[in-house]
Amino acid sequence: MPLGFLLQAVLIAAAPPSGQSVTVDRSPNRPIVIAHRGASGERPEHTLAAYELAIEQGADFIEPDLVPTRDDVLVARHENEIGGTTDVAAHPEFAARRTTKTIDGAQVAGWFTEDFTLAELKTLRARERIPELRPGNAAHDGRYEVPTFAEIIALAQRKSAETGRTIGVYPETKHPTYFASVGHPTDMLLVAQLKLAGWDSADAPVFIQSFEVQNLKRIRAMTGIRLIQLMDVGGAPADGAAPSYAAMLTAEGLAAVARYAWGIGPNKALVDGTALVGQAHAAGLRVHPWTYRAENRFLPPRFAGANGRGDLSGEITAALRLGIDGFFTDYPAIGVAARDAAVRTRP
C-alpha cells in the first residue's frame, strides 16, 4: 500500500468524529523542563547524544524540530537547510544539490533535507551550529548521525522504562505550509508516527508545537494530543492565519487560540516583565516560553556574567515566579535544579 494511503488509514481509524471537540486536561502540575533540541548547550543539537544527555539530566521532555526527507521520513534538524548543522559540504557527491529556495518568503541557499533520501542523510554527520559560542560542542563534530523521529521516540520510551519516570517528546512541525506546497504534507506524517508509538490522546506524554495556525487546527482534527501555539516577538504566522503574533496575544487573540490549542509557547521576551502569563491563564492556556540559554548573547543584561556566560538559573527562577507552566532550555541540568528549587520554596 502506498505510504500516503497507509497514513490516511491510520489517521481515519483513530481521528475524532467530525465536529467533535477534543477534551484536554488543564489541571495544574509542576512546571515542566523541556530540553530544547536535547541538552544542546553541551552536545550538538538534535542528536541522540544530546537527547540522551538531557534525559540523564532530568528533563521531562525532549524537543525535536522535524523536517522531512525526500522519501517522507521525519528527521530532527533545526531547519531543512543542513549546511550549518551537518558535514554535507564536505561530501563531493552532494555538491550539485546545493541550491536556493524560497521558504516562508525568505531566500535560503544551501542543502535541504527534502532533496535527500534517509539513506543519503544517514551518510552525513552532525556539526555544532554555533561553534563560536559552544566550542566544547564543536569537539563532537562528526560523531553523530541525523536522527529520525522514530529513533527519538524509541529513545524516550526506552529511557522511560529504564528510569521509571515518563520522558515525553515535544515535536515542532517546521514550515508546514512550505512543505505541503512542495509535496511533503508533514502533519499527517507526524500524527501517524505518534499513533504508531501509542500516543493519540491528551494524556500522552506529548505536545505538538507550531508557529503556524492552520496546521495545528488540522492536527486537532486528527488527534487528541495537546497542541502548543508558538509566538514570537515580531512577525506573523507564515500561513497568513493571523495578521501578527501581537494580535494573537490580545485578549481576543488568546481566546481564539484557546479554541484549538492547550497552551502557548511565547518567546521568553514576551513573558519577562509583562502580564502575559496571567492573561494566558485567564484564557485557559498554559505557558511554555522559549528558550533559556546560559550564554550572555541570549540573556537579559541583568543576568549577564563574566567569560561570556551568566546567571541562567536566576533568569529561569524569575520566570517561574511569574507562574509559567514549563520552559524550553538548552541546559536541562540547570533548568531542573532551578525548577526543583522553586517548587521546594513555594508557599
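Residues numbered from 1 in each chain as written. Predicted model: local features only at pLDDT ≥ 70, side-chain atom pairs only at ≥ 80, totals over all residues. Heavy atoms only, no water.

**Observations concerning the nonpolar core**
Piece 1. Ile62, Leu194, Ile208 and Ile264 are the most contacted members of the largest nonpolar core, which totals 62 residues.
Piece 2. The element contributing the most residues to this core is helix H5 (residues 149–163), with five residues.
Piece 3. Setting aside residues up to four positions removed in sequence, Ile208 forms contacts with Pro171, Leu190, Leu194, Leu216, Ile219, Ile225, Arg226, Leu227 and Ile228.
Piece 4. Judged by nonpolar contacts, the second largest core, of 15 residues, contains Val88, Phe94, Phe116 and Leu118. (Core = buried A, V, L, I, M, F, W, Y, C linked by side-chain atoms within 4.5 Å. Buried < 20%, exposed > 50% of the residue type's maximum accessible area, 1.4 Å probe, protein only. Helix = DSSP H or I, 4+ residues; strand = E, 2+ residues; numbered from the N terminus. Contact = heavy atoms within 4.5 Å.)

**Quick look at the pairing of strand S3 (residues 65–68)**
Regular strands place their side chains on alternate faces of the sheet.
Piece 1. Residues Asp65 and Val67 line one face of S3 and the alternating positions Leu66 and Pro68 line the opposite face, and both faces are buried.
Piece 2. Inspection of the sheet shows S3 paired to strand S8 (residues 172–173) by two bridges, in the parallel sense. Looking at S8, one finds that Asp65 is bridged to Glu172.
Piece 3. Inspection of the sheet shows S3 paired to strand S4 (residues 74–76) by three bridges, in the antiparallel sense. Residue pairing in the sheet places Val67 in a bridge with Val75 of S4. (Pairing = 2+ DSSP bridges.)

**Points about the packing of aromatic side chains**
Piece 1. The final tally for this structure, using the stated rule, is 10 aromatic pairs.
Piece 2. Consider the rings of Phe61 and Phe207, whose centres lie 5.2 Å apart with planes at 50°: the pair is tilted. Of the two residues, Phe61 sits in strand S2 (residues 61–63) while Phe207 sits in strand S9 (residues 207–210), which places them 146 residues apart along the sequence. Accessibility classification places Phe61 together with Phe207 in one group, the buried group.
Piece 3. Ring geometry for Tyr170 versus Phe207: centroids 5.0 Å apart, planes at 35°, classification tilted. Of this pair, Tyr170 sits in the loop between strand S7 (168–169) and S8 while Phe207 sits in strand S9, and the two are 37 residues apart along the sequence. The same class applies to Tyr170 and to Phe207, which are both buried.
Piece 4. Among the aromatic residues, ring-to-ring pairing joins Phe61, Tyr170, Phe207, Trp262 and Phe328 into one connected group.
Piece 5. The ring of Trp262 has Arg226 lying over it, and the distance from NZ or CZ to the ring centre is 5.4 Å. (Phe/Tyr/Trp six-rings, centres within 6.5 Å; stacked < 30°, edge-to-face > 60°. Lys NZ or Arg CZ within 6 Å of the ring centre and 35° of its normal.)

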